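Structure at a glance
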Amino acid sequence: MNNQNIAQTFAILQENKKQWQDSTLESLEKNPFFILVGCILSLRTKDQMTRQVAERLFKIIRSPQQLLSYSEDDIAQLIYPVGFYRRKAKNLIDISKILIIKYQSQVPSTLEELLELPGVGRKTANLVLTVGFGKPGICVDTHVHRIVNRWGYVKTKTPEQTEMALRDKLPQEFWIPINSLLVLFGQNICLPRRPRCGNCSIENFCDQVGIEKRETQTK
DNA sequence: AAAACGGGGGC
DNA sequence: GCCCCAGTTTT
C-alpha cells in the first residue's frame, strides 16, 4: 500500500460505507460536547453498549451544567453498562467543571487544551477536533492502528507512532475520513482476530492477502 | 476459561 | 515499556 493506491482505497471504502450501519460516535450530533462525552463512554467498550448508554444519557444531559446536576454516584449508575463506570463518571464530572470554569461552558477547540482534560488522550482529543469542530487532525484508535499496519502503509508499534507517521505520509484530504472509514471497515471486514478477507474489497492493496487463513490456524 | 471491546493514566 | 480498569459479549 502506497500513496498511489491510497486514494483508490479510500474511494472504495467510501462506497462500502453505505452498506454499514453508522458507528455510535459518528451518529451523534456533531456537537463537541456530545462527541467528547460519547468518546469517554466508548473507551474500551463495545460500540453497541456505548450506543445504548449514550442514547439514554443524552435524553437527560445535554450540557455540562445538566451533567453537574447529578452526583458522581448518579452518573456512575447511569453509565454502568459501559464498564470503567466509576472512573468515567469522575472524569465526566471533572471535565464539566473545567469546561464551565475555564471555557465558558464550551469545549475547547485546540489539541493542547483538549489533552489537558482528565481522561482525554490523543484518540479522544483528535475525534473531538475532527468530528466536533471539523478541524484537521488524525484520530487513531485500535482499528486505524491495526489496519494501516496490516496494509503495510506504516510500520509502527503504538497508536501514537501511527498518528505521527500518518501525519507525515497521508495526504491531508484523507485525515478526517480515515477514522470514520476504518472504524467501520474494522468492525465489519478487517476484524482484529479473524479478518473476513473473502469479503474484502481492497485485498489487492493489502500486504497481508489471505491473513484470515493464518490467523484462524494459529489461534 | 479467556480474550476482546473505537484508551488512558499511573508506575 | 508494563499493568490495571469492570462488565458484557465473543471465541
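Thresholds applied
- Residues numbered from 1 in each chain as written.
- Chains lettered and ligands numbered in written order.
- Predicted model: local features only at pLDDT ≥ 70, side-chain atom pairs only at ≥ 80, totals over all residues.
- Heavy atoms only, no water.
- UniProt positions renumbered as here; feature names shortened; annotations may be inferred.
- Helix = DSSP H or I, 4+ residues; strand = E, 2+ residues; numbered from the N terminus.
- Rg over C-alpha atoms; globule rule 2.2 N^0.38 Å.
- Buried < 20%, exposed > 50% of the residue type's maximum accessible area, 1.4 Å probe, protein only.
- Contact = heavy atoms within 4.5 Å.

Chain A is annotated in an unreviewed UniProt entry as Endonuclease III from Atribacter laminatus. The annotation that UniProt attaches to chain A under Sequence similarities (unreviewed entry) is "Belongs to the Nth/MutY family." Taken verbatim from the UniProt record of chain A, the Catalytic activity (unreviewed entry) comment is "2'-deoxyribonucleotide-(2'-deoxyribose 5'-phosphate)-2'-deoxyribonucleotide-DNA = a 3'-end 2'-deoxyribonucleotide-(2,3-dehydro-2,3-deoxyribose 5'-phosphate)-DNA + a 5'-end 5'-phospho-2'-deoxyribonucleoside-DNA + H(+)".

Right, let's get into the overall build of chain A. Helices and strands together make up the secondary structure of chain A, namely 13 helices and zero strands. Starting at the N terminus and walking to the C terminus, you meet the elements of chain A as α-α-α-α-α-α-α-α-α-α-α-α-α. Relative to its length of 219 residues, chain A is compact, with a C-alpha radius of gyration of 18 Å against a globular reference of 17 Å. Projected onto its principal axes, the C-alpha positions of chain A cover 55 × 35 × 30 Å. Within the span of chain A, comprising 219 residues, buried residues form 51% of the whole.

Structurally, Ile-79 can be placed in the loop between helix 6 (72–78) and helix 7 (85–103). Note: C-alpha distance between Ile-79 and Ala-89 (10 residues apart in sequence) is 7.7 Å. When near neighbours in sequence (up to four residues on either side) are disregarded, Ile-79 contacts Leu-41, Val-53, Leu-57, Tyr-85, Lys-88 and Ala-89.

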